[in-house]
Amino acid sequence: MKINEREPFENGANPKKEQLGKFTSDSQGELMNTNQGLKINDDQNSLKAGDRGPSLLEDFILREKITHFDHERIPERIVHARGSAAHGVFELFEPLGQYTKAKFLNDTTIRTPVFARFSTVQGSRGSTDMARDVRGFAVKFYTEEGNYDLVANNMPIFFIQDAIKFPDLVHAVKPEPDNEIPQAASAHDTFWDFVSLMPETMHNVMWLMSDRGIPRSYRMMEGFGIHSFRFINDQGEAHFVRFHWKPLLGVHSLVWDECQRIAGKDTDFHRRDLWEAIECGHFPEWHLGVQIIPAEDEHKFPFDLLDPTKLIPEELVPVRIVGKMTLNKNPDNFFAETEQVAFHPGHIVPGIDFTNDPLLQGRLFSYTDTQLSRLGGPNFHEIPINKSIPEVFNNQRDGMHRMQINKGKASYNPNTLGGGCPFQAMAAQGGFKSFEERIDASKIRRRSKSFFDHFSQPTLFYNSLTQHEQRHLQDAFAFELGKVKTVPIRQRVVNMLLEVDENLANIVGNKLGLIPQRLPQPITDSIPADDNPADYHSFKAELPIDASAPLSMANTVKDTIKTRRIAILTADGVNDEAFTVVKKTLCELDAVVKIIAPFHGFVKTAGGDEYPVCESLLTAASVVFDAVYVPGGGSVQTLMTRPEAVHFIAEAFKHCKAVGADSEGVELLKIALPHDMVPSPGVVTGNNLDEFIEAVKQHRFFEREENPVVPA
Ligand code: HDD
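Residues numbered from 1 in each chain as written. Predicted model: local features only at pLDDT ≥ 70, side-chain atom pairs only at ≥ 80, totals over all residues. Heavy atoms only, no water.

## Re the pairing of strand 2 (residues 111–120)
Selection rule: For every residue, the accessible area (1.4 Å probe, protein chains only) is compared with the maximum for its type, and the residue is labelled buried under 20%, exposed over 50%, or partly exposed between those bounds. Numbering goes from the N terminus for both helices and strands, where a helix is a DSSP run of H or I of at least four residues and a strand is a run of E of at least two. Any two strands with at least two DSSP-identified bridges between them are counted as paired.
With nine of its ten residues buried, strand 2 lies for the most part within the structure. Taken together, the nine bridges between strand 1 (residues 83–92) and strand 2 define a ladder with antiparallel strand orientation. Considered in strand 2, the bridge of Gly88 is made with Val114. Sheet analysis places strand 2 next to strand 3 (residues 135–143), joined by seven bridges and oriented antiparallel. Bridging across to strand 3, Phe118 finds its partner in Phe137.

## Here we look at the side chain of Ser127
As a reminder of what qualifies: Within 3.5 Å is the distance limit for a polar contact, defined as a pair of N or O atoms, with the added protein rule that one can donate a hydrogen and the other accept it, and that residues adjacent in sequence qualify only through two side-chain atoms.
Examined against the element boundaries, Ser127 turns out to sit in the loop between strand 2 and strand 3. Looking at Ser127, the relative accessible area reads 6%, which means it is buried. In this structure the side chain of Ser127 is engaged in a polar contact, spanning 2.7 Å, whose partner is the backbone oxygen of Ser124.

## Structural notes on the sheet that holds strand 16 (residues 627–630)
Taken in spatial order, the six strands make up an open sheet running 15-12-11-16-17-18, and their pairing is parallel. Two strands lie at the open edges of the sheet, namely strand 15 (615–616) and strand 18 (683–684), each paired on one side alone. Where strand 16 lies against strand 17 (residues 658–661), four bridges are found, and the strand directions are parallel. Pairing of Ala627 across the sheet is with Ala658, part of strand 17.

## Some thoughts on the packing of helix 14 (residues 576–588) against helix 18 (residues 689–697)
Formally: Under this scheme, a helix contributes an axis fitted over its contacting stretch, all axes are lines through C-alpha atoms, and angles between N-to-C directions fall in the 0 to 180 degree range. Throughout this description, any angle smaller than 35 degrees is read as roughly parallel, any larger than 145 degrees as roughly antiparallel, any in the 65 to 115 degree range as roughly perpendicular, and the remainder as oblique. Each crossing is labelled by how the near helix is turned from the far one, with a counterclockwise turn of less than a right angle marking it left-handed and a clockwise turn marking it right-handed. Contact criterion: two residues are considered in contact whenever any of their non-hydrogen atoms come within 4.5 Å of each other. Residues are sorted three ways: Asp, Glu, Lys and Arg are charged, Ala, Val, Leu, Ile, Met, Phe, Trp, Tyr, Cys and Pro are nonpolar, and all the rest, Gly among them, are polar.
Relative to each other, helix 14 and helix 18 sit at 40°, their axes nearing to 11 Å. When the axes of helix 14 and helix 18 are compared, the pair comes out oblique. The element helix 14 and its partner helix 18 pack so that their crossing is right-handed. Contacts from Val581, Val582, Thr585 and Leu586 in helix 14 reach Leu689, Phe692 and Ile693 in helix 18. Counted by class, the contact of helix 14 with helix 18 contains six nonpolar, one polar and no charged residues.

Spelled out as C-alpha cells, the structure:
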C-alpha cells in the first residue's frame, strides 16, 4: 500500500507508528509476570531458607530479574553517545523528478515518517548537553522504498578529508586515555596537538569555536549533509547535491559563560528543551534545502566538490527549499528508540547515490560495522525503530537475536526449491542500481592536490561573521588553548591562525601571551613516510566572494518569541493587571512563561488571586531563560531584598538577554544594573510590553559585551 493512501498522520495512519505499535507494550491494568509469562505473586522478597536465612539458588524469579538487570547496558556509541530524538513527518513542497527518482522526493502527497536524533560528539551518554561541540543531526526517513538516512551535523564541513584519519581525530578529541579527562570538552592538549599538525581541520575548528558550537536549542540549529551526494533521475542522469536543514525558528546560540553555568543548573538543557517543546505542541520544524550542481559543473569551483572540508557558498549555488520536517512526537522509550536507532549514510533509496568523497566512502563501511558491537549482531535492522516500512525478504539468515521466522528450504539465490524467490527487482520495479561512473585510474594511496587548500574557507567564514561573532570566536580560541598545558601546541595553533587572519592570530596570541610566528616552511598535513614535505604545499584558493551572508547567525530570522522561555520574576503583592496582562500577552504569542518567586507554592496578587509558582529563586536560574520581566506592585520591594532576584536580573543582563519591567518593576532593575543601562537596548522599562516582545525576538544584545559592567 502506498503511504499516501493512509494519510493524514493525524488520524493515526502513520505507517511507522502502526509498525511500532505492534511492539509497544503498556502495563496499565495488567498483572505482573516473568519473561516466561508466569504470573508473579511476590516481587518484594527472594526465596529464603527461613525468613532470616540465605537466599536459595532455586529462586528463578530472583535470578531472572537480576540477570536481566545485570545486562541492561549496551556499549554507547563510539561518538555521538549523548543524544535525544523524536518522531515526525517529512512533507515535500515540489516534485524533484528532474533531478531524482526518489519517490519521497517526487510525490507531494506523500507524508514520510521520520525519526531524528540530535547529539553531541565528544562526551559519554550521560555527559552535559552544554559542551562546546559539533552537534549531530541524523534523520531516518521511513520511505516506501526503504530507509533513507541523512546523517548530518550542525556544521557544513568536517575536520578531516579522509576517513583513515577518523580514529586519530576521535582519539585526539575524546577524554585523554590515561585519566579520562576532560569529559565533553575539546579544550585539552591531545585535541589541539592534532589540530596544530593537521591544517585541514582548521575550517571545522573555526566553526566549532564560533557560536555554532554552543546552540541555544536543537530546534534552532541548521543541519548539513556535508558531502556532495548524487541525485539520479529516471533517465539515469546525475546531479551533485548537498543537503541542508534550516530551522523555522532561526539559528541561535547561547554564550559560553552561560553554557558553563547551565551545565551545572540543568545539564539536560537541550534534551529537556526538545522534549518539552514537543510535549507542549510547539513542534520543531525545519525546511529541507538542496544545493544542486549539474554534473558538468564538477570542476567549476575553486575547491573540490569531493572535499568535505569545503562548503559551497549559497551565493554560488543557492539553497532551494524543497520540503519540511516537523517533529511531533516524543519517543515512548529512550532505550528502545533513541539508543537503539542505527543510522548509516549508506542507507539510501533509488534516486540518491554516493560520490567519491573519501570521507563518505569510509563512512559507508563504519556505520554498519559499529552496530555489530553496539547492538550485538547483524540483526539490528529488525529492532522496531530500525525496521523499514517495506517488509524485508532476502536470503540473509540467523545470527544473534534473529526475530524473523523465514519459511522454506531455499535461503540462497538462484534457487528452484523456493520458486526462485525472493526475486531480484528490476529498476522499473524499484530495484536499486548504482550510478555508473567511469573510473580510469591507478590504484594509489594519495590525496588529490585539489584538497590542499586549507585556509581560504576559514578566512571566508571569519570574514562573514559580525564583530560580536568574531569576538566570541577569538574568546573561544583563547579559552580552549588556555586549557592546553603544552605551550608549543598553543603556539602552533596561533601560528596557524595567521594563515586565516592576521588580526585573529594577534588577538588570540595576545590573550595567551604569545606572538604568532609565520613559519618559513609551508604548513603541511600529516605526510606519508616516503613523501617529500615540499609536495604538500598548502595553497590558498581565490574565492569569488569575500564574505557569505548565510554563514553569520546574525542574519537569521528574528521574527518570533515562540517557545522562548521568559521568567516573570515576582512575589506576593504583585499588581493584578500588570501581572496578568504580561502573562497573557506572552502566552498568546506561544512563549513559555514561568512564574519565578522567592518560594514554591503560590503567588498571591494584591487583589488576592493565587497563581502557582513554577520555580523558586532557590531552584531557578536566569541562564535557563531567554528573557526576564518584572511586573510592578508590592512584590518589587520584596524582590529588592532578595540577592537571588538581583543576581537573576544582573546575570540575564550580562548574558545579553532582554530584561523588562514596568514603571514599578524598574526599581529592581535599578539596583541590579548600572544606572545608565536602565533603559538601554534590550532593557525595556515603563509600559512598553510591545517593545519588550520585540527585544525578545532579537535574541541577544551583544553590544553590551563591549563594555562589560556587570560582574554577575
Ligand atoms: Fe559519523 C555516528 C555524523 C564522519 C563513524 N556520525 C554519527 C552520528 C552522526 C554522525 C550525526 C550519530 C548518529 C546517531 O544519532 O546515532 N559522521 C557524521 C558526519 C560526518 C561523520 C556529518 C562527516 C561528514 N563518522 C564519520 C566518519 C566515520 C564516522 C569519517 C568513520 C570513518 N559516526 C561514525 C560511527 C558512528 C557515527 C563510529 C558512532 C555511532 C554510530 O556510528 O552509529 O560509526
